Amino acid sequence: MLARSLISLMLISGAVSAQSLPRTTEGSPNLQGIWQVANRASYNIEDHVARHDMPAGRGVVDGGEIPYQAWALEQRNANFSARAAADPLSKCYLPGVPRMMYMEFPFHIFQTNDHVAITFEWQQVFRLIYANGEPPMYPGIEAWMGHSRGRWEGDVFVVDVTDHNDSTWFDAAGNFHSDAMQLTERYTMLDKDTIEYAVSIDDPQVFTRPWTMRMELHRQTKMDRILEYQCQAEVEEANGDFERDERVWYPAPIPDDNAPFDAAAGSPLPQLSVPAEVSRLADGTPDISGYYMADAGGANYGLEARERDFLMPASRGQVVDPPDGRLPYQTWAREESNDRALPHRGYDDPTAHCFVAGVPRSHYVPSPFFILQPPGYVVVLHERMSWRQIPLDGRAHLPDQMRLWQGDSVGRWIDDTLVVESKNFNGKAWLNEAGDVISHAQTVVETFTPTGADQVIYRATVADPIAYTRPWTIEMPFNSQDEELLEVACLEDNGDLQHLKDVRDEYRARQQEEN
């Protein structure tokens, strides 16, 4: 009798808990928010004592030990001995799944009917989990982060992750897998601020049987946004491989000999028409979500019209204001742009180092992107592994000293146009490979206007009193396509950077000899 009463009480308690979970309008548990683990699994997923480079921690493996095959256990031990240099994260490479989920950095989950996206503070990595029931378009293409397909089983979000390469580790202790690994993740909300994350690993090439890790993700109630940790950029700045530009990096001042900046200058642009039949979300705002490719006309090789030369493809010119199509440069900035276009400056372009492209360049680097519209946000996922989060809640920008590669963006809908204002840039980005200049002082106002079922017209107005004499505007269409994002592992596959460095170093050596 007592046992029956206890069972009934447990069932009632579980039912009440399930009913009290935050839920979407469709009834699924609402996972959206900022989360982080509170464990030491990123160092070692098994129980471990403290070492010089590894704090002690309890394991997260069911049963305590990973069921390695004998040869694989020897390989894990060899990895452990060589971990300082052999760990892929020591090179700032993509961590892979599941390791990305329990690194000691927060991440933001965004949720729509058809997708769950996870954006990570570390290296601006993201995951896009397709949950629309459709099979993958490109099965079998290996990726550092794998390919994820999700589904709801009752109140549990289940994700199958396939197509891994064999280049990632589970942790800093050298625990590893092969490219045959198959993962099944389960996200179970225990209460509004706790998710149980369980991941089952099946890899018969390395392990004697499938096994599971289990841990809790905790909602970060004191955070209103995640920031940036650009691992490779921080490494290269620290060791001198990526050099500071005192004229444009924060907190560079406005040069004393600059011409006055005319903030009110600007020509009115034609108003764009939004068709009545444009698809809309439940709140009435246009649905601009989906996969896009910018018809950028060579913007990544120059924002002004230019012919092809032996170094750069042509650009049709994207500047629509000023009407002459010319960027309104300060004299020094025009000279700097011309210098950057020379061969020995190619190494200085941050994207040559696989750093994030900044705004607005992220949208016209020749690579697709995916727009999501979860509640309260617009999120842009760039295939070159970076993201933008655009909150729609009218929040204030970050304090002035908080400076980011992608800036700090705040958006709002004005009629049927998404208007986004971005500030707090660090000034480290270039506008393109031709070397068009931008500084930390820029404010960017972008508009995204749907002009058809498959097209959004993008405009970006840049006001930068350090590099320019007045604001200027570019325009280009974004064309929607029925495609899926893959993965551009730029840093991991970067074979050009050393050549660019050799060209720069040879030029500097000649200059030193001549002087």
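To start, this report covers the structure provided alongside it. Please read these numbers as outputs of a predicted model, since none were measured by experiment.

**Side note on the overall build of the protein**
What the protein contains, in helices and strands, is six helices and 19 strands. By the compact-globule yardstick of 24 Å for 515 residues, the protein fits well, its C-alpha radius of gyration being 25 Å. Each principal axis of the C-alpha distribution contributes one length, and for the protein these read about 85 × 65 × 40 Å. Residues classed as buried in the protein amount to 52% of the 515 residues present. Approximately 22800 Å² of the protein is accessible, and the part contributed by carbon and sulfur atoms is 51%. For the protein, the separation between the mean place of its 43 positive charges and that of its 78 negative charges on side chains is 4 Å.

**Points about the pattern of salt bridges**
Counted according to the given criterion, the structure contains 40 salt bridges. Between aspartate 245 and arginine 340 there is a salt bridge, with its nearest N and O atoms 3.9 Å apart. Of this pair, aspartate 245 sits in the loop between helix H4 (231–239) and strand E10 (290–294) while arginine 340 sits in helix H5 (residues 331–340), placing them 95 residues apart in sequence. A salt bridge links arginine 395 to aspartate 393, with the nearest nitrogen and oxygen atoms 2.8 Å apart. Through salt bridges that share partners, Asp245, Arg247, Glu336, Asp339, Arg340, Arg345 and Asp348 make up one connected network.

**As for the side chain of serine 337**
By the element assignment, serine 337 lies in helix H5. Polar contacts involving the side chain of serine 337 include one to the side chain of aspartate 436, which spans 3.4 Å. Not counting the four nearest positions on each side in its chain, serine 337 is found in contact with Tyr329, Ala434, Gly435, Asp436 and Val437.

**Structural notes on unusual backbone geometry**
Generally, phi is negative for residues other than glycine and the peptide bonds are trans, each holding for most cases. At the junction of valine 97 and proline 98, the peptide bond is cis and its omega measures out at 20 degrees in the coordinates. For the peptide bond that leads from valine 359 to proline 360, omega is 10 degrees, which places it in the cis range. You will see that glutamine 124, though not glycine, has its phi angle at about 55 degrees, which is positive. Inspection of the secondary structure assignment puts glutamine 124 in the loop between strand E3 (115–120) and strand E4 (126–130). With phi around 70 degrees, cysteine 354 is a residue other than glycine that occupies positive phi space. Topologically, cysteine 354 is positioned in the loop between H5 and strand E12 (369–372).

**Structural notes on the packing of aromatic side chains**
Scanning the model with the defined rule gives 25 aromatic pairs in all. Ring centres of tyrosine 130 and phenylalanine 370 lie 6.3 Å apart, and the angle between their planes is 90 degrees; this geometry places the pair in the edge-to-face category. Here phenylalanine 370 lies in strand E12 and tyrosine 130 lies in strand E4, a separation of 240 residues in the sequence. Like phenylalanine 370, tyrosine 130 is buried. Across the ring face of phenylalanine 80, the terminal group of arginine 83 is positioned such that the distance to the ring centre comes to 4.0 Å. Across the ring face of tryptophan 249, the terminal group of lysine 428 is positioned such that the distance to the ring centre comes to 5.0 Å.

Cut-offs and rules
Residues numbered from 1 in each chain as written. Predicted model: local features only at pLDDT ≥ 70, side-chain atom pairs only at ≥ 80, totals over all residues. Heavy atoms only, no water. Helix = DSSP H or I, 4+ residues; strand = E, 2+ residues; numbered from the N terminus. Rg over C-alpha atoms; globule rule 2.2 N^0.38 Å. Buried < 20%, exposed > 50% of the residue type's maximum accessible area, 1.4 Å probe, protein only. Areas by Shrake-Rupley, 256 points an atom, 1.4 Å probe, with all protein chains shown as cover. Lys, Arg positive; Asp, Glu negative; His and termini not counted. Charge placed at Lys NZ, Arg CZ, Asp CG, Glu CD. Salt bridge = Lys/Arg side-chain N within 4 Å of Asp/Glu carboxyl O. Polar contact = N/O pair within 3.5 Å; in protein donor to acceptor, adjacent residues only side chain to side chain. Contact = heavy atoms within 4.5 Å. Phe/Tyr/Trp six-rings, centres within 6.5 Å; stacked < 30°, edge-to-face > 60°. Lys NZ or Arg CZ within 6 Å of the ring centre and 35° of its normal.

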